Amino acid sequence: MALLEILTFPDPRLAKKAKPVDVVTPATTQLIEDMFETMYEAEGVGLAAPQVGVLERIIVVDCGKREAEEERPLQPKEPYAIVNPVVVEKDGKLVWEEGCLSVPGYTDEVERAATVRVEGLDKHGNPISIEAEGLLAVCLQHEIDHLEGVLFVDRLSRLKSSMVKKKLKKRALEEAATA
Ligand SMILES: [Zn+2]
């Protein structure tokens, strides 16, 4: 197991489209284990491979703990790893205050589908199908966006998105200068 470096905006790799995984190999499974470790260490609820510099279609999510804190007591840990995830059904609308490990220090409300069904492969290459609502549905859509090079700040209104990205770029430059 290894902790991976999480890329932050405006790293250009976060804006790239990830490639499908042809075959799930032991290296894929290892990457997934490392992504989980990295996500838990950073106290995130989801992570996509491009966020750790790997342009492959792999995501991990675990909204169990966070939901337990916020709304549902005794919700167990609920980790999902999905290779080549695709949203095959979606319904309704839901607005959620989102954040992202690649956009530290900023959250904003994003509108997404309220329920989704996502299909893909598990960490061993077996087909899986997940029906999700609430935070898990938000998480899955947010992580799948990363595979298209899309960040949650890209989902804001055009004006707000460009303002926020400008501010975040400026802050990243200032942080790089003082580091
Ligand atoms: Zn994210």
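Look up a bit, the structure's there.
A brief structural summary. (Residues numbered from 1 in each chain as written. Predicted model: local features only at pLDDT ≥ 70, side-chain atom pairs only at ≥ 80, totals over all residues.)

Examining the overall build of the chain
- Each helix and strand in the chain was counted, giving four helices and seven strands.
- For the chain, the succession of helices and strands along the chain, N to C, is α-β-β-α-β-β-β-β-β-α-α.
- Relative to the globule expectation of 16 Å for 179 residues, the C-alpha radius of gyration of the chain, 16 Å, shows essentially globular dimensions.
- Each principal axis of the C-alpha distribution contributes one length, and for the chain these read about 45 × 35 × 30 Å.
- When the 179 residues of the chain are sorted by exposure, 32% land in the buried category. (Helix = DSSP H or I, 4+ residues; strand = E, 2+ residues; numbered from the N terminus. Rg over C-alpha atoms; globule rule 2.2 N^0.38 Å. Buried ≥ 20, exposed ≤ 12 C-beta atoms within 10 Å, placed from the backbone.)

Comments concerning the pairing of strand β2 (residues 58–62)
- Counting buried positions over the five residues of β2 gives five, a clear majority of the element.
- The alternating pattern of β2 places Ile 58, Val 60 and Asp 62 and Ile 59 and Val 61 on opposite faces, both of which are buried.
- Sheet topology note: the strand β1 (residues 46–48)/β2 ladder contains three bridges and is antiparallel. Within β2, the position partnered with Gly 46 by the bridge is Val 61.
- Of the strand pairs in this sheet, β2 and strand β3 (residues 79–91) are connected by five bridges, and their pairing is antiparallel. By the bridge assignment for β3, Val 60 is matched with Ala 81. (Pairing = 2+ DSSP bridges.)

Looking at helix α4 (residues 158–178)
- Helix length check: α4 (21 residues) gives 30 Å between terminal C-alpha atoms against 30 Å at 1.5 Å per residue, within 8%.
- With one of 21 residues buried, α4 is to be regarded as a mostly surface element. (Expected span 1.5 Å × (residues − 1).)

With respect to unusual backbone geometry
- Put simply, Phe 9 and Pro 10 share a cis peptide bond, and its omega is 10°.
- Non-glycine residue Asn 84 carries a positive phi angle of around 50°.
- In this structure, Asn 84 sits in strand β3.
- Exposure remark for Asn 84: the 18 C-beta atoms within 10 Å place this residue in the partly exposed category.

Examining the sheet that holds strand β7 (residues 127–133)
- Judged by pairing direction, the sheet is antiparallel, and its five strands sit side by side in the order β1-β2-β3-β6-β7 without closing on themselves. Here the strands that pair on one side only, and so sit at the sheet edges, are β1 and β7. Direction aside, neighbouring strands of the sheet carry axes that sit 40° apart on average.
- Taken strand by strand, helix α1 (residues 26–41) contacts β1, β2 and β3, and its axis lies near 40° from that of β2. (Axes fitted to C-alpha atoms, helices over the stretch in contact; angles between N-to-C directions. Contact = placed C-beta atoms within 7 Å.)

Here's the deal with the nonpolar core
- Ranked by internal contacts, the top residues of the largest apolar core, which has 32 residues, are Met 35, Val 60, Val 61, Leu 136, Cys 139 and Leu 140.
- Counting residues per element, this core draws most heavily on helix α3 (residues 134–147), which supplies eight residues.
- Residues in contact with Met 35, not counting those within four places in the same chain, are Leu 4, Leu 47, Ala 49, Val 52 and Val 60.
- Counting eight residues, the second largest nonpolar core, distinct from the first, contains Leu 14, Phe 152, Val 153 and Val 164. (Core = buried A, V, L, I, M, F, W, Y, C linked by C-beta atoms within 7 Å.)

Quick notes on the pairing of β3
- Where β3 and strand β6 (residues 115–121) come together, six bridges link them in antiparallel fashion. Considered in β6, the bridge of Glu 89 is made with Arg 117.

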